[in-house]
Amino acid sequence: MKHLSEKELHELVNHISIEFFKKPFVDDVTFNNRLRTTGGRYLPSKRLIELNPKYFYEMDENEFNGIIKHELCHYHLHIEGKGYKHSDPDFKRLLAITGSPRHCKPLPSTINRKKHQYRCETCHHIYNRVRSVDVKRYRCGICGGSLKQVN
Ligand SMILES: [Zn+2]
Ligand SMILES: [Zn+2]
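Below is a summary of the structure that appears in this document. (Residues numbered from 1 in each chain as written. Chains lettered and ligands numbered in written order. Predicted model: local features only at pLDDT ≥ 70, side-chain atom pairs only at ≥ 80, totals over all residues. Heavy atoms only, no water.)

Regarding the sheet that holds strand β4 (residues 116–120)
As summarised here, the arrangement of the three strands in space is β5-β4-β6, forming an open sheet in which the pairing is antiparallel. The strands lining the two open edges of the sheet, one partner per strand, are β5 (126–129) and β6 (147–149). For this sheet, the mean inter-axis angle between neighbouring strands, taken without regard to orientation, is 30°. As paired strands, β4 and β6 are joined by three bridges and run antiparallel to one another. Across the sheet, Tyr 118 pairs through a bridge with Gln 149, a residue of β6. (Pairing = 2+ DSSP bridges. Helix = DSSP H or I, 4+ residues; strand = E, 2+ residues; numbered from the N terminus. Axes fitted to C-alpha atoms, helices over the stretch in contact; angles between N-to-C directions.)

Okay, here's the thing in structure tokens:
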């Protein structure tokens, strides 16, 4: 299991900042578990970068580092008094210069989340279905056993 302490997270962000922006990152970064579909955000009033820990655990390093670069674009432009919003030309330019992604990819866990899960009562095979299945009509495709909804 991967692990990253808050201190290591700060070191990582500072490292990326120096490598791609040639400037240190001197403010705060934290993991925020409540972020759902977004990989990170920058809070200008607090000069705080919040990152979604799921992107660290579920995605590869490139994707997570890309999110950090994207948030650093907001951060550096903001503290320098430049246009730091998505629609600002300064922001678009800095994204391009640093090779930062415009959007983050959706998390595997949100793509794969099926609404209905059924288990065969005989062989215990699990079926994930987006639509509900009539368990009185459908049986296990492997052994013919009856299905039971488990979620
Ligand atoms: Zn953004
Ligand atoms: Zn079965």
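What follows continues from the structure just given.
A look at the coordination of the zinc ion (ligand 1)
Around the zinc ion (ligand 1), the protein contributes the donor atoms His 70 (NE2), His 74 (NE2) and His 86 (NE2), which lie 2.1 Å from the metal centre. Motif for the zinc ion (ligand 1), donor spacing along one chain: H-x3-H-x11-H. Residue His 70 is located in helix α3 (residues 61–79), and its partner His 86 is located in the loop between α3 and α4 (89–98); the two are separated by 16 residues in the primary sequence. By relative accessible area, which is 9% here, His 70 ends up buried. Accessibility expressed as a relative area gives 41% for His 86, which makes it partly exposed. (Donors = N, O, S within 2.8 Å, 3.2 Å for Na, K, Ca; no water. Buried < 20%, exposed > 50% of the residue type's maximum accessible area, 1.4 Å probe, protein only.)

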